[in-house]
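Summary of the model geometry
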Amino acid sequence: MKTIWSLLALFTLLLGHPQAAETPNIIIIYADDLGYGDLGCYGHPSIRTPNLDRLAAEGMRFTDFYSAAEVCTPSRAALLTGRYPVRSGMCHDRFRVLRNVSTGHLPADEITLAEQLKGRGYATAIIGKWHLGVWANNPEGHPHRHGFEMVFGLPHSNDMDPTAARRPPGADNREDPDPQWWQAPLYDGERLVEQPADQTTLTRRYTERAVKFIGEKKGGPFFLYFPHSFPHTPIFASEQFHGKSPRGRYGDVVEELDWSVGRVIEAVRAAGIERNTLVFFSSDNGPWLIRDLAGGSAGPLREGKGSTWEGGMRVPGIAWWPGKVPAGRVCRELATTMDLFTTCSLLAGAKVPADRPIDGVDILPLLTGAGPVKREPFFFYRGSTLFAVRAGQWKAHYLTQPAYGTPRAEAHDPPLLFNVPADPGERFNVAAQHPEVLTDLASAVTKHRAALQPAATQLEAVRSETRAP
Ligand code: MG
């Protein structure tokens, strides 16, 4: 009997089934500047997001999910490396993000999730906005050099171009931008295929590529990183969605993103791989509030993109994996985009790098409902400066600064203290009532700082012809 079981085990091993079952396909869909309050399942009253609502109903919705930065470039570096951006140099106190003239990029010695998964035999693709290197200025910044085999999309944000002067003032805030005001470059691999990109069809075309990739790679395993260009301004929707949402053009754009999510899930189901595919949806930072009607909503949270208040960094987080992530769960534990690096690496059977600090933790126990996970406090950086810390229910702000328009941060001594679940809008400072909490948080910050080795920033390097003479 024992021999039969051993033979069966050997036979199954040879067929490779256990490995296949243990190495799921991974799809990360990352919206740009989508706020905490912009989806139906997060309480938006007039933006219709039936596909994301269904994703949450069939999977898990996080209430306290954070991006590790308040703007685009550092948040993407953190997601793909599992590390605070201060460790990779992908942040800067003043420049904030890579610009179209930048020559800096994600350093070659950083290990991306794509490299981790590729090393385990995954097919890898990025469809959408990269923003970790402008390869027209420096080929080392191309996603091909960072683990992605298939590449389709923009190197940076959709509002960055060399002809900005032609745009009228306030163009970003308008609900009816002219596509000709922007010169966004669309690439297929390393080939420039369209400039200016027709942004009205960008979401649709990204989605078609994603569906094609899933169909082609359904034999698995594959990693699809799908960072959308929207709802970062200027916002455009295709004809099918234009003028349809009660929320105006911003609603049109988010409703098209929702459609896109629905198409991806349909493709996964059509391929019959839904029980072996983890889909995670999130956003790179909070809503761009200074864009007025063209910007989103942080719901009950304070401030938005560019800020270390909750609205700048707490974002939607939805996990879907039928049969593995229990349906209809709401997870109220703190989790971050950096955790996706660690969790997905381990799911793929890759080792988490031991030669460097990795800030993400394995959240599989949260995803499966097995129980909470142990983690360090979460640190809120603006650029390379630590502004705040959260541990459990408590968040202390050492520095605060409005997202835009104020050159200097305001220091707080004693720090501001908020009980985040009790006061998600961070309105009532309770520092005076809880001095012992401040002491604990301060020692966590001291410990973090003592071990930190910040990398030289990549965001200062620009093309020489753009430097002042
Ligand atoms: Mg963004």
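Computed from a predicted model, the values in this text were never measured in an experiment.

Thoughts on helix 7 (residues 249–270)
The end-to-end C-alpha distance of helix 7 is 31 Å, a good match for the 32 Å that 22 residues give at a rise of 1.5 Å each. Judged by how many residues are buried, helix 7 sits mostly within the fold: 17 of 22 residues are covered. The first or second residue beyond helix 7 is Gly 272, which carries a positive phi of 70°.

With respect to the sheet that holds strand 11 (residues 378–382)
The strand order across the open sheet built from four strands is 11-12-13-14, with neighbouring strands paired in antiparallel fashion. Where the open sheet ends on each side, the last strands, each with one partner, are strand 11 and strand 14 (410–419). The mean inter-strand angle of the sheet, taken between neighbouring strand axes irrespective of direction, is 20°. Pairing between strand 12 (residues 385–391) and strand 13 (residues 394–400): four bridges, direction antiparallel. Residue pairing for strand 13: Ala 391 is matched across the bridge by Trp 394.

Digging into the coordination of the magnesium ion
Summarising the metal site, the magnesium ion is bound by the protein donors Asp 32 (OD), Asp 33 (OD), Cys 72 (SG), Asp 284 (OD), Asp 284 (OD) and Asn 285 (OD1), whose distances to it range over 2.1 to 2.7 Å. Taken together, the six donor atoms coordinating the magnesium ion span angles of 53 to 157° at the metal, a pattern that classifies the geometry as irregular. Along the chain, the residues that donate to the magnesium ion are spaced as D-D-x38-C-x211-D-N. Placement of the pair is Asp 32 in the loop between strand 1 (25–31) and helix 3 (50–58) and Cys 72 in helix 4 (residues 72–81), with a sequence separation of 40 residues. Taking relative accessible area as the criterion, Asp 32 reaches 0% and is therefore assigned buried.

A short note on the sheet that holds strand 7 (residues 222–227)
Sheet architecture is open: ten strands sit in the order 6-5-4-3-7-1-8-9-2-10, paired in mixed fashion. In this open sheet, the two edge strands, each paired with only one partner strand, are strand 6 (191–194) and strand 10 (329–336). Averaged over all pairs of adjacent strands, the angle between strand axes in this sheet comes to 20°, irrespective of strand direction. Sheet topology note: the strand 4 (residues 150–154)/strand 5 (residues 186–188) ladder contains two bridges and is antiparallel. Note on strand 5: the bridge partner recorded for Phe 152 is Asp 188. Against the sheet, helix 7 makes contact with strand 1, strand 7, strand 8 (277–283) and strand 9 (317–320), and its axis sits at roughly 175° relative to strand 1, the strand it touches most.

Remarks on the nonpolar core
Membership of the largest hydrophobic core comes to 53 residues, with the highest contact counts inside it found for Ile 27, Leu 39, Ile 214, Leu 224, Phe 281 and Ile 318. Considering each element in turn, this core owes the most residues, nine residues, to helix 7. In this structure Ile 318 touches Leu 39, Cys 41, Tyr 42, Leu 52, Leu 55, Ala 56, Met 60, Val 279, Phe 280 and Phe 281, once residues within four positions along its chain are discounted. If you look at the next biggest cluster of nonpolar residues, it comprises 45 residues, including Ile 28, Met 60, Tyr 187 and Leu 367.

Examining the environment of His 144
Structurally, the position occupied by His 144 is in the loop between strand 3 (123–129) and strand 4. In this structure the C-alpha to C-alpha distance between His 144 and Glu 190, which are 46 residues apart in sequence, comes to 8.5 Å. When sequence neighbours within four positions are dropped, the list of residues in contact with His 144 reads Glu 149, Val 151, Gly 189 and Glu 190. Polar contacts involving the side chain of His 144 include one to the main-chain carbonyl oxygen of Glu 149, which spans 3.2 Å.

A few points about the confidence of the model for the protein
The predicted coordinates should not be examined in detail at positions where pLDDT is low. Scored by pLDDT, the protein comes out at a mean of 94, with 94% of its residues at no less than 70. Here residues 8–20 is modelled with pLDDT under 50, and outside its nearest four sequence neighbours on either side it reaches five contacts, counting other chains as well.

Structural notes on the environment of Trp 130
When you line up the elements, Trp 130 lands in the loop between strand 3 and strand 4. The sequence separation of Trp 130 and Met 313 amounts to 183 residues, and the corresponding C-alpha distance is 19 Å. Beyond its immediate chain neighbours, meaning those up to four positions away, Trp 130 contacts Arg 76, Leu 80, Trp 135, Gly 141, His 142, Pro 143, His 146, Phe 148, Leu 154 and Pro 155.

Concerning unusual backbone geometry
The phi angle of most residues is negative, glycine excepted, and most peptide bonds adopt the trans form. With an omega of 5°, the peptide bond between Phe 230 and Pro 231 qualifies as cis. Relative to the helices and strands, Pro 231 is located in the loop between strand 7 and helix 7. With an omega of 5°, the peptide bond between Asp 413 and Pro 414 qualifies as cis. Within the element layout of this structure, Pro 414 appears in strand 14. A positive phi is found at Asp 33, a non-glycine position, where the angle reads about 70°. Topologically, Asp 33 is positioned in the loop between strand 1 and helix 3. A relative accessible area of 1% means that Asp 33 is categorised as buried. Although it is not a glycine, Arg 96 adopts a positive phi angle of roughly 70°.

Definitions and limits used
- Residues numbered from 1 in each chain as written.
- Predicted model: local features only at pLDDT ≥ 70, side-chain atom pairs only at ≥ 80, totals over all residues.
- Heavy atoms only, no water.
- Helix = DSSP H or I, 4+ residues; strand = E, 2+ residues; numbered from the N terminus.
- Expected span 1.5 Å × (residues − 1).
- Buried < 20%, exposed > 50% of the residue type's maximum accessible area, 1.4 Å probe, protein only.
- Pairing = 2+ DSSP bridges.
- Axes fitted to C-alpha atoms, helices over the stretch in contact; angles between N-to-C directions.
- Donors = N, O, S within 2.8 Å, 3.2 Å for Na, K, Ca; no water.
- Tetrahedral: all angles 85-135°; square planar, octahedral: opposite > 155°, others 65-115°.
- Contact = heavy atoms within 4.5 Å.
- Core = buried A, V, L, I, M, F, W, Y, C linked by side-chain atoms within 4.5 Å.
- Polar contact = N/O pair within 3.5 Å; in protein donor to acceptor, adjacent residues only side chain to side chain.
- pLDDT = per-residue confidence, 0-100.

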